[in-house]
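Residues per chain are reported as follows:
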Amino acid sequence: MNANIPNYRSECPLSTALDVIGDKWSLLIVRDMCMNKARYGDFLSSPEGIPTNILANRLRRLEAIGIIHKKTYQTKPLRYEYSLTTKGANLLPVLQQLAIWAHQHVPECGVPPEWFLSAKPENLVKNY
């Protein structure tokens, strides 16, 4: 088996999508990027409390699969700023629908902010 070929559970599009972004943290990182968070510390300040080792792993993975882009903003010490690629920004409608679904069906869930529901993927991509 070739190590460069991703190993998906099946050819089902939903199963494949979950294999790519279906973990507990990846979509929350994308959500944070929709809220203009871009630096490691920004992601750590989110209320869900992602552990640092998992954050580092997810950022590497999201970059490797082309959902985010990283750019150096400081060299000593080396620090990065992250942004969504077009592929990553195209997850916005998925996040919006998940938020709407949760608000409608989970009594303890808050109301999705209007700015979030009206956001457009093309406005999230930064061209470097």
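We now turn to the structure provided with this report. (Residues numbered from 1 in each chain as written. Predicted model: local features only at pLDDT ≥ 70, side-chain atom pairs only at ≥ 80, totals over all residues. Heavy atoms only, no water.)

1. Focus: the overall build of the protein
Secondary structure assignment for the protein yields 7 helices and 2 strands. Going residue by residue from the N terminus, the α and β elements of the protein occur as α-α-α-α-β-β-α-α-α. Relative to the 2.2 N^0.38 estimate, which gives 14 Å for 128 residues, the radius of gyration of the protein is 16 Å and therefore close to what a compact globule would have. Counting only carbon and sulfur atoms, one obtains 57% of the accessible surface of the protein, whose full area is about 8400 Å². In the protein, which carries 15 positive and 11 negative side-chain charges, the distance between the mean positions of the two groups comes to 9 Å. (Helix = DSSP H or I, 4+ residues; strand = E, 2+ residues; numbered from the N terminus. Rg over C-alpha atoms; globule rule 2.2 N^0.38 Å. Areas by Shrake-Rupley, 256 points an atom, 1.4 Å probe, with all protein chains shown as cover. Lys, Arg positive; Asp, Glu negative; His and termini not counted. Charge placed at Lys NZ, Arg CZ, Asp CG, Glu CD.)

2. Focus on unusual backbone geometry
Here the residue pair Lys76 and Pro77 is connected by a cis peptide bond, since its omega of -10° sits within 30 degrees of zero. Summarising the element assignment, Pro77 is placed in the loop between β1 (68-75) and β2 (78-84). Positive phi, close to 70°, is recorded for Asn36, a residue that is not glycine. For Asn36, a relative accessible area of 62% translates into the label exposed. (Buried < 20%, exposed > 50% of the residue type's maximum accessible area, 1.4 Å probe, protein only.)

3. Quick word on helix α6 (residues 92-105)
With 14 residues, α6 should cover 20 Å at 1.5 Å per step; its first-to-last C-alpha distance of 20 Å lies within 8% of that length. Of the residues making up α6, those classed as buried are Leu92, Leu95, Gln96, Ala99 and Ala102. Angular distribution of buried residues about the axis of α6 spans 130°; they occupy a single face of the element. Residues of α6 that are exposed and point over 90 degrees away from its buried face: Gln97, Gln104 and His105. In this structure, the buried residues of α6 make contact with α2 (26-34), α5 (86-89) and α7 (114-118). (Expected span 1.5 Å × (residues − 1). Arc of directions from axis to C-beta. Contact = heavy atoms within 4.5 Å.)

4. Structural notes on the environment of Pro113
By secondary structure assignment, the location of Pro113 is in the loop between α6 and α7. When the C-alpha positions of Pro113 and Asn90 are compared, they lie 19 Å apart, and in sequence the two are 23 residues distant.

5. Side note on the layout of surface pockets
The computed volume of the largest pocket comes to approximately 510 Å³. Lining of the largest pocket is provided by 24 residues; of these, Leu27, Leu28, Leu95, Leu98 and Ala99 occupy positions nearest its centre. Those elements that provide at least two residues to the lining of the largest pocket are α1 (13-21), α2, α6 and α7. The residue inventory of the lining of the largest pocket, partitioned by class, reads 18 nonpolar, 3 polar and 3 charged. (1 Å grid on protein atoms, 1.4 Å probe; cavity = no way out; pocket = protein on both sides within 12 Å on 5 of 7 lines; lining within 4 Å. Points joined across faces, edges and corners; volume = space filled by probe spheres on them. Nonpolar A, V, L, I, M, F, W, Y, C, P; charged D, E, K, R; others polar.)

6. Quick word on empty space enclosed by the protein
Under the defined criterion, the tally for this structure stands at 1 cavity of 30 Å³ or more. In this structure, the largest cavity encloses a volume near 70 Å³. Along the walls of the largest cavity sit Trp25, Leu28, Ile29, Arg31, Asp32, Phe43, Ser46, Glu48, Gly49 and Ile50, which together make up its complete lining. It is α2 that provides the largest number of residues to the lining of the largest cavity, a total of 4 residues. Its residues placed into classes, the lining of the largest cavity shows 5 nonpolar, 2 polar and 3 charged.

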